[in-house]
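Okay, here's what each chain looks like letter by letter:
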Amino acid sequence: MPRAAPCVVVILGARGDLAKRKLLPALFHLYLDGGLPDEFAIVGVERADENDDEGFRNEVAEALAAADIPSTVVQRGWPEFGKRLFYVAADLSNPDGYTAIRNKLSDVDKTVHGLQGHLFHLALPPSLYSGVIRQLAASGLR
């Protein structure tokens, strides 16, 4: 399987059902199967500010356990995968939220050697897509 270039995956709506039940377990499986680049990071974005990087990592670990991934499989891949997870609280209806994302990405980008770009995944209700896409474009996030 060809590998993607070094990147940061940004999940908007990272604490929602779609991300927890489908997207994050799928990314974990891709990691285990060698389908992610050697250099990558995942940044979860959600409006709730009650979380930090470590809290998000704990939530993802719980999501993987709930996805019926055998514990031996999780234990094998978790140490490396888990340290590549980051979190930022951002209100996507407010331009300041995109400043918070940009600031977090500025820090996280330094951890991904040879970074080629960001991949934004909208794990949000479709009714929010157009506004979020406009805000992403206006903020200069790429």
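Above this note sits the structure.
About the thresholds
Residues numbered from 1 in each chain as written. Predicted model: local features only at pLDDT ≥ 70, side-chain atom pairs only at ≥ 80, totals over all residues. Heavy atoms only, no water. Core = buried A, V, L, I, M, F, W, Y, C linked by side-chain atoms within 4.5 Å. Buried < 20%, exposed > 50% of the residue type's maximum accessible area, 1.4 Å probe, protein only. Contact = heavy atoms within 4.5 Å. 1 Å grid on protein atoms, 1.4 Å probe; cavity = no way out; pocket = protein on both sides within 12 Å on 5 of 7 lines; lining within 4 Å. Points joined across faces, edges and corners; volume = space filled by probe spheres on them. Helix = DSSP H or I, 4+ residues; strand = E, 2+ residues; numbered from the N terminus. Phe/Tyr/Trp six-rings, centres within 6.5 Å; stacked < 30°, edge-to-face > 60°. Lys NZ or Arg CZ within 6 Å of the ring centre and 35° of its normal. Salt bridge = Lys/Arg side-chain N within 4 Å of Asp/Glu carboxyl O.

Student: What should I look at first to understand the nonpolar core in this one?
Tutor: As a rule of thumb, soluble globular proteins bury nonpolar side chains together. The biggest cluster of nonpolar side chains holds 23 residues, and the ones touching the most others in it are Ile11, Leu27, Ile42, Val60 and Phe81. Residues within four places of Leu27 in sequence aside, it is in contact with Val9, Ile11, Leu36, Ile42 and Phe81. By size, the runner-up hydrophobic cluster in this structure holds 20 residues, among which are Val8, Leu12, Val45 and Ile101.

Student: Explain the layout of surface pockets to me, please; I cannot follow it from the model alone.
Tutor: A water-sized probe, rolled over the atoms, reveals where empty space remains. Here the largest pocket is characterised by a volume of approximately 300 Å³. Around the largest pocket sit 16 residues that line it, and Glu46, Arg47, Leu92, Leu124 and Leu128 are the ones nearest its centre. Those elements giving two or more residues to the lining of the largest pocket turn out to be strand 2 (40–46) and helix 5 (129–139). Here the element with the most residues in the lining of the largest pocket is helix 5; it accounts for three residues.

Student: Can you walk me through the packing of aromatic side chains in this structure?
Tutor: Each aromatic ring pair is characterised by the separation of its centres together with the angle its planes make. Scanning the entire structure with this criterion turns up six aromatic pairs. When the ring of Tyr31 is compared with that of Phe40, the centres are 5.8 Å apart and the planes differ by 55°; the resulting orientation is tilted. Taking the relative accessible area as the measure of exposure, Tyr31 reaches 22% and is therefore partly exposed. Exposure remark for Phe40: the relative accessible area of 4% places this residue in the buried category. Seen in terms of ring centroids, Phe56 and Tyr87 are 5.6 Å apart; in terms of plane orientation they differ by 35°. Their pairing is tilted. Taken together, the residues Phe56 in helix 2 (residues 53–66) and Tyr87 in strand 3 (residues 85–89) connect sequence positions 31 residues apart. Judged on exposure class, the residue Phe56 and its partner Tyr87 are both buried. Over the face of the ring belonging to Phe86 we find Arg57, whose NZ or CZ atom lies 5.3 Å from the ring centre.

Student: Quick question: what am I supposed to make of the pattern of salt bridges here?
Tutor: Where charged atoms from two side chains of opposite charge approach closely, those side chains can pair. Going through the model one piece at a time under the given rule, you end up with seven salt bridges. Ionic pairing is found between Lys20 and Glu59, a salt bridge with its closest N-O pair at 3.3 Å. Linking Lys20 in helix 1 (residues 17–32) with Glu59 in helix 2, this pair joins segments that are 39 residues apart in sequence. On the accessibility criterion, Lys20 (28% relative accessible area) is partly exposed. Judged by its relative accessible area of 15%, Glu59 falls in the buried class. Three or more residues are tied together by salt bridges with common partners; here these are Arg15, Lys20 and Glu59.

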